[in-house]
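# Observations on the three-dimensional arrangement
Here are the chains, one letter per residue:
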Amino acid sequence: MGRKAALTMLFLLIIVHSATASDAAKLTLPSGMSNPMTIRYPELARAPAPVAIKEGLRATYEIVVGSPDITTEGNLAFVGGDYGAGLVQVTVVALDGGDAATWTEAFYPDPSTGGMKKVNFYGSVNPAGCGDFWCNPEVLRSIPERADDDLYVDRGKYELGGREYDVIRFRFQSQGISMIMIYDLNTGILLHHTADYTSNMPTEGGGILSRGQHAIMRLSGLREVSIPWRDGAIPSWVQPGATLLFQGQHYFWLPQLPDVAPTVSQLGVELHVQKVHKRFAEFRQQVRTENAMQPSYVSVVSGIAQLMGLWVPQEALSLNTGVVDKDPHTGMVVSVLYSGQDGLVMEETNNDNYMLTATYDSSGRIVQTVTERRSGTSNAERDVLSLVM
């Protein structure tokens with residue numbers, strides 16, 4: 001298992017450990033693990049969002065992920081597994097009453113070019129007072145220190161990026177899951193987070209195989225994403241129970257062998273609207289390949305402060321063409337390629353190994369996506385999906 005696999009496996013933990021009736025309503029952290037803060041401190045769920053939290057705010061975390069396998073046979077231990085390093089970005093795509101909708105994406109660097117390529121994504125909905133990368137600082141300042149087997153809380157100093165912060169630290173331990181969160185007591189922003197998950201199973205030789213996912217995350221930047229529309233309404237087609245069905249092809253080819261035709265297979269995606277709010281909507285995404293339906297669905301949100309989402313407001317149809325946003329951490333550039341009363345075409349690319357083109361119709365509904373990914377010069381993939389109903 002390499003870098004990409006290690007990062008992808010970590011983010012699959014959100015599906016394994018927190019499948020609920022409202023898929024996006026999971027108290028998640030940048031690691032994808034469920035956040036126990038509002039369970040231990042219910043007052044956080046009732047608190048308002050911190051002053052620093054606004055629509056369009058994006059937090060970028062550097063992440064190092066390990067996936068060790070330790071097999072114990074008698075007095076001997078054999079260690080295997082792999083690790084990966086990359087970035088995790090969480091964007092506040094909507095603040096709606098007491099809810100905060102966020103969009104999380106994981107990136108890892110191409111080993112040959114260094115370009116940051118997306119490896120995973122999901123959406124979540126949290127109480128505005130305690131989201132994926134923040135908690136209300138007034139409530140945090142009122143929490144007492146404690147030292148128990150399952151929860152340890154203390155205060156102190158934390159240095160990050162050459163700056164010293166007054167912080168509160170939480171360490172949770174439960175059933176093979178261990179998490180540490182360090183919050184800035186001034187803003188409530190999560191500065192540091194570790195997530196560890198370990199499971200044990202017997203081997204045929206009578207030993208024990210321990211498998212785990214371990215991640216360390218440190219905040220590397222906060223910024224407001226440039227949103228070309230400041231307000232607007234969710235399109236009328238976004239209704240609970242509505243389904244968008246996309247069909248298309250997956251292409252795979254070897255750039256170093258230009259005379260060899262790409263391998264083509266069928267691809268399908270279903271998007272089911274689960275819940276509609278004033279400023280965002282919750283979806284469930286299911287991918288189907290030519291071989292079989294993928295085993296897990298992904299929770300997706302699409303909000304008013306989201307670029308390359310599943311819908312755009314009517315205001316987007318009158319945009320000028322050109323660059324909308326540049327992300328300094330991943331190199332991703334979002335641009336408007338075309339706009340008119342008949343629709344909108346937008347592109348997201350790092351001009352290296354990743355490009356996504358999204359087409360929206362006159363109602364603001366996404367009707368086609370083209371995603372291209374490259375791994376250095378060794379292989380390339382393209383997914384083309386079009387709305388059929």
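In this text the structure is predicted, and so the values were computed from the model without any measurement. (Residues numbered from 1 in each chain as written. Predicted model: local features only at pLDDT ≥ 70, side-chain atom pairs only at ≥ 80, totals over all residues. Heavy atoms only, no water.)

Before going further, it helps to spend a moment on the overall build of the protein. Counting its regular elements, the protein contains five helices and 22 strands. In the protein, which comprises 389 residues, the proportion classed as buried is 53%. Considering only contacts within the protein whose residues lie at least 6 apart along the sequence, 56% involve residues at least 24 apart. (Helix = DSSP H or I, 4+ residues; strand = E, 2+ residues; numbered from the N terminus. Buried < 20%, exposed > 50% of the residue type's maximum accessible area, 1.4 Å probe, protein only. Contact = heavy atoms within 4.5 Å.)

This next bit is on the pattern of salt bridges. Under the criterion given, the structure shown has 16 salt bridges. Lys118 is the partner of Glu105 in a salt bridge, and the nearest nitrogen-oxygen pair spans 2.7 Å. Placement of the pair is Glu105 in strand 3 (residues 99–109) and Lys118 in strand 4 (residues 116–127), with a sequence separation of 13 residues. Each of the two residues, Glu105 as well as Lys118, counts as buried. In this structure, Arg146 engages Asp148 in a salt bridge whose closest nitrogen and oxygen atoms are separated by 2.3 Å. Among the charged side chains, a network of salt bridges with common partners joins Arg58, Arg223, Asp325 and Asp327. (Salt bridge = Lys/Arg side-chain N within 4 Å of Asp/Glu carboxyl O.)

A separate point is the packing of aromatic side chains. Evaluation of the coordinates by the stated rule reveals five aromatic pairs. Here Phe133 and Trp134 contribute two aromatic rings whose centre-to-centre distance is 4.9 Å and whose plane-to-plane angle is 80°, an arrangement assigned as edge-to-face. Residue classification places Phe133 among the buried positions, given a relative accessible area of 0%. We classify Trp134 as buried; its relative accessible area is 0%. (Phe/Tyr/Trp six-rings, centres within 6.5 Å; stacked < 30°, edge-to-face > 60°.)

Take the environment of Leu244 next. You can see Leu244 is positioned in strand 13 (residues 243–253). Residues Leu244 and Met389 lie 145 residues apart in sequence; the distance between their C-alpha atoms is 6.0 Å. If we ignore the near neighbours within four places in the chain, the residues touching Leu244 are Trp237, Val269, Glu270, Leu271, Arg365, Leu387 and Met389.

Attention shifts here to the sheet that holds strand 13. Strand order in the open sheet made by the 10 strands is 16-15-14-13-22-21-20-19-18-17, with antiparallel pairing throughout. Strands at the two margins of the open sheet, each flanked by one partner only, are strand 16 (298–303) and strand 17 (322–326). Pairs of neighbouring strands in the sheet enclose a mean axial angle of 20°, with direction left out of account. (Pairing = 2+ DSSP bridges. Axes fitted to C-alpha atoms, helices over the stretch in contact; angles between N-to-C directions.)

Here we come to a nonpolar patch on the surface. A grouping of Phe252, Leu254, Leu257 and Val260 is seen on the molecular surface, where their side chains present a nonpolar patch of about 300 Å² in accessible area. Here Val260 lies in the loop between strand 13 and strand 14 (263–276). Val260 sits in the partly exposed class, given a relative accessible area of 48%. (Patch = residues over 30% accessible without salt bridge, like charges linked within 9 Å, V, L, I, M, F, W, Y side chains within 5 Å. Areas by Shrake-Rupley, 256 points an atom, 1.4 Å probe, with all protein chains shown as cover.)

Close inspection of predicted coordinates is inappropriate in any region flagged by low pLDDT. On average, residues of the protein carry a pLDDT of 86, and 84% of them reach 70 or more. This stretch, residues 1–22, has a pLDDT under 50; its non-local contacts, to residues over four places away or in other chains, come to 65 contacts. (pLDDT = per-residue confidence, 0-100.)

The next point concerns unusual backbone geometry. Even without being a glycine, Met308 presents a positive backbone phi close to 65°. Relative to the helices and strands, Met308 is located in the loop between strand 16 and strand 17. For Asn351, which is not glycine, the phi torsion reads 55° and is therefore positive. Positionally, Asn351 belongs in the loop between strand 19 (343–349) and strand 20 (354–361).

The subject of this paragraph is the pairing of strand 15 (residues 280–289). Remember that side chains alternate between the two faces of the sheet whenever the strand is regular. With nine bridges joining them, strand 14 and strand 15 adopt antiparallel strand pairing. Counted as the bridge partner of Lys275 is Glu282 from strand 15. Counted along the chain from strand 14 to the antiparallel partner strand 15, the turn is three residues long. Strand direction decides the pairing type here: strand 15 and strand 16, joined by six bridges, are antiparallel. The residue of strand 16 that forms the bridge with Glu282 is Val301.

In this structure, Asp325 sits in strand 17. In this structure Asp325 comes out as buried when scored by relative accessible area, which is 4%. A distance of 3.0 Å separates the side chain of Asp325 from the backbone nitrogen of Ser226, its partner in a polar contact. (Polar contact = N/O pair within 3.5 Å; in protein donor to acceptor, adjacent residues only side chain to side chain.)

Time to look at the side chain of Gln89. Looking at the secondary structure, you find Gln89 in strand 2 (residues 76–96). Side chain to side chain, Gln89 and Asp327 meet in a polar contact 2.9 Å long. Look past the residues within four positions of Gln89 in its chain and what remains in contact with it is Arg58, Ala59, Thr60, Trp103, Thr104, Glu105, Phe107, Asp327, His329 and Thr330.

This brings us to the pairing of strand 4. Of all 12 residues that make up strand 4, 11 are buried, and the element is covered over most of its length. Sheet analysis places strand 3 next to strand 4, joined by 11 bridges and oriented antiparallel. Bridged to Ala100 within strand 4 is Asn126. With antiparallel pairing between neighbouring strands as the criterion, strand 3 and strand 4 make up a hairpin whose turn holds six residues, including Gly114 at a positive phi of roughly 85°.

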